[in-house]
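Structural characterization, general
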Amino acid sequence: MNHSTEKVTLKKALRPIHLWALAVGLVISGEYFGWNYGWGVAGTVGFLIATLIITVMYITFVFSFTELTTAIPHAGGPFAYSFKAFGPWGGLIAGYATLIEFLLATPAIAFALGSYVHFIYPTVPALYTAVGCYLIFTLINMLGIKESAIFSLVVTLLAVAELLIFMGIVAPHFEMKNFLREAMPIHWTGVFAALPFAVWFYLAIEGVAMVAEEVKDPHKNIPLGYISGILTLTILALGVMILSGGAADWQKLSVIDYPLPETIGQVLGKDNSVTKLFAGIGIFGLVASFHGIIISYSRQIFAMARSGFLPSILSQVNKKYQTPHWALIVGGLIGILALYSGTTDKLIILSGLGAVVMYIISMLSLFALRKKEPDLPRPVKAPLYPYFPWIALILSCLCLIAIVYYNFWLSMIFFGGFGITAILFVWKKKDTSLMESSDLVALPETH
């Protein structure tokens, strides 16, 4: 097999502020919609417990994941770590799970964007807006990573500011009796069922790993971006959820796609000018996540193609802008096709399933590399090792069980898709000289 694309590299232009914006921007749409369905299955207190469990999972995961990202600053992210730890099959599992997570989260957010615009302008069909978003943001990402990062920074700052304004508006109206109304007693089956909805608060933060090759001084800057990002998201997630539950009728909020504007509408009145303004600018959080995830899935496709797991054309980089243009285009086409399925909720569940499988294989890779390559330069080590990665691994397994138990047939589609991918992988290996012994094709220098 000809690995002529092995030395293709991406432009280094990202600093800690860009990484913070990407980490927060990737996730922040989860604070705007989706999480509130957890109230429907667990109540406010039960969902708060589920959210605290997931918060612990993500904090321990991010601190552990940072060790892998700084030791192996590669565009493949989890694919690269698992390949290095377990060989081609490990890379295949991580790559498949990561692509499912990011490629299917994006159309779900795009449809939410379309629905939001349709709510404000009823004459504009949601699907048209969603497709238009793919075209616009794919083009923006093709213009260069620095330009994309600056756009991400601006939109993320606006989205964070809006959530802080939201909390400031509703905080004076918070009443504990509202938060606790019909929330007791706690049903632990509900807490278990609510875990996937709590995952939506933080899902995709690991996408920062996919731009590791484009970071200046990655060993220093990646930890700053990750840690500042997870702390920001934890404060926003808990603040938005708790204040919404105590300021408005949480049972009404648990069945809609726009819980924040509805909360302000209940507090200030739906005809209030502040309510209308909030509805108008609420789109920033969705745009930030949509844009950030496009960056991440394109780099995952690029890295897997560069290593021989996908067609080599997907690893081509535009000579002028140094962006993986074919990876961006193909990822966008897959997302647009998924939009026409019209099953946003199922896309979210499948995306979450891909995420937790990727978290599991990543933590296993961390343990394996500690034994297999003890001398690998690790500029940042997982704190409280092995406890942090063990906590992240156990809680990720718990989430996997919850998603499979409550979404059995969707889970069968996910694992069936992997089975088909594995068959194609075996066939490709027989037909080519896919590297068996290589650490990883085009693995960049770690210092």
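What you see is a predicted model, and the numbers here were worked out from it, not measured in a lab.

What follows covers the overall build of the protein. Of the regular secondary structure elements, the protein holds 17 helices and zero strands. Taking all 447 residues of the protein together, 59% fall into the buried category. If you take every contact in the protein between residues at least 6 apart in sequence, the share linking residues at least 24 apart comes to 85%. Carbon and sulfur atoms form 69% of the exposed surface of the protein, whose accessible area is close to 17300 Å².

Turning next to the nonpolar core. Core analysis: the biggest nonpolar cluster contains 148 residues, and Ile 28, Phe 47, Ile 54, Tyr 58 and Phe 290 have the highest contact counts within it. At 16 residues, helix α4 (residues 88–120) tops the list of elements feeding residues into this core. With residues up to four places along the chain from it excluded, the contact list for Tyr 58 reads Val 199, Tyr 202, Leu 203, Ile 205, Glu 206, Ile 230 and Tyr 359.

Here the structure, examined in full by the defined rule, presents 30 aromatic pairs. When the ring of Tyr 58 is compared with that of Tyr 359, the centres are 5.4 Å apart and the planes differ by 85 degrees; the resulting orientation is edge-to-face. Here Tyr 58, found in helix α2 (residues 37–71), pairs with Tyr 359, found in helix α15 (residues 344–372); they are 301 residues apart in sequence, far enough to count as distant. Each member of the pair, Tyr 58 as well as Tyr 359, is classed as buried. Here Phe 83 and Phe 309 contribute two aromatic rings whose centre-to-centre distance is 5.8 Å and whose plane-to-plane angle is 75 degrees, an arrangement assigned as edge-to-face. Of this pair, Phe 83 sits in helix α3 (residues 78–86) while Phe 309 sits in the loop between α13 (283–306) and α14 (325–339); the two residues are 226 residues apart in sequence, bridging distant segments of the chain. In terms of burial, Phe 83 and Phe 309 fall into one category: buried.

This brings us to helix α16 (residues 387–406). Taking 1.5 Å per residue, 20 residues should reach 28 Å; α16 reaches 29 Å between its end C-alpha atoms and fits that length. Taken residue by residue, α16 has Phe 388, Pro 389, Ala 392, Leu 393, Leu 395, Ser 396, Cys 399, Leu 400, Ala 402 and Ile 403 as its buried positions.

Another aspect to go through is the environment of Val 45. In this structure, Val 45 sits in helix α2. Separated by 141 residues in sequence, Val 45 and Ile 186 have C-alpha atoms that sit 7.0 Å apart.

Our next topic: the side chain of Ser 64. Along the polypeptide, Ser 64 turns up in helix α2. The class for Ser 64 is buried, based on a relative accessible area of 0%. A polar atom in the side chain of Ser 64 sits 2.8 Å from the backbone oxygen of Thr 60. Leave out the neighbours within four places in its chain, and Ser 64 touches Met 363, Leu 366, Ala 382, Phe 388 and Pro 389.

All right, on to a nonpolar patch on the surface then. Together, Val 56, Leu 384, Tyr 387 and Ile 391 make up an exposed nonpolar region whose accessible area comes to about 400 Å². Structurally, Leu 384 can be placed in the loop between α15 and α16.

Criteria and cut-off values
Residues numbered from 1 in each chain as written. Predicted model: local features only at pLDDT ≥ 70, side-chain atom pairs only at ≥ 80, totals over all residues. Heavy atoms only, no water. Helix = DSSP H or I, 4+ residues; strand = E, 2+ residues; numbered from the N terminus. Buried < 20%, exposed > 50% of the residue type's maximum accessible area, 1.4 Å probe, protein only. Contact = heavy atoms within 4.5 Å. Areas by Shrake-Rupley, 256 points an atom, 1.4 Å probe, with all protein chains shown as cover. Core = buried A, V, L, I, M, F, W, Y, C linked by side-chain atoms within 4.5 Å. Phe/Tyr/Trp six-rings, centres within 6.5 Å; stacked < 30°, edge-to-face > 60°. Expected span 1.5 Å × (residues − 1). Polar contact = N/O pair within 3.5 Å; in protein donor to acceptor, adjacent residues only side chain to side chain. Patch = residues over 30% accessible without salt bridge, like charges linked within 9 Å, V, L, I, M, F, W, Y side chains within 5 Å. Salt bridge = Lys/Arg side-chain N within 4 Å of Asp/Glu carboxyl O.

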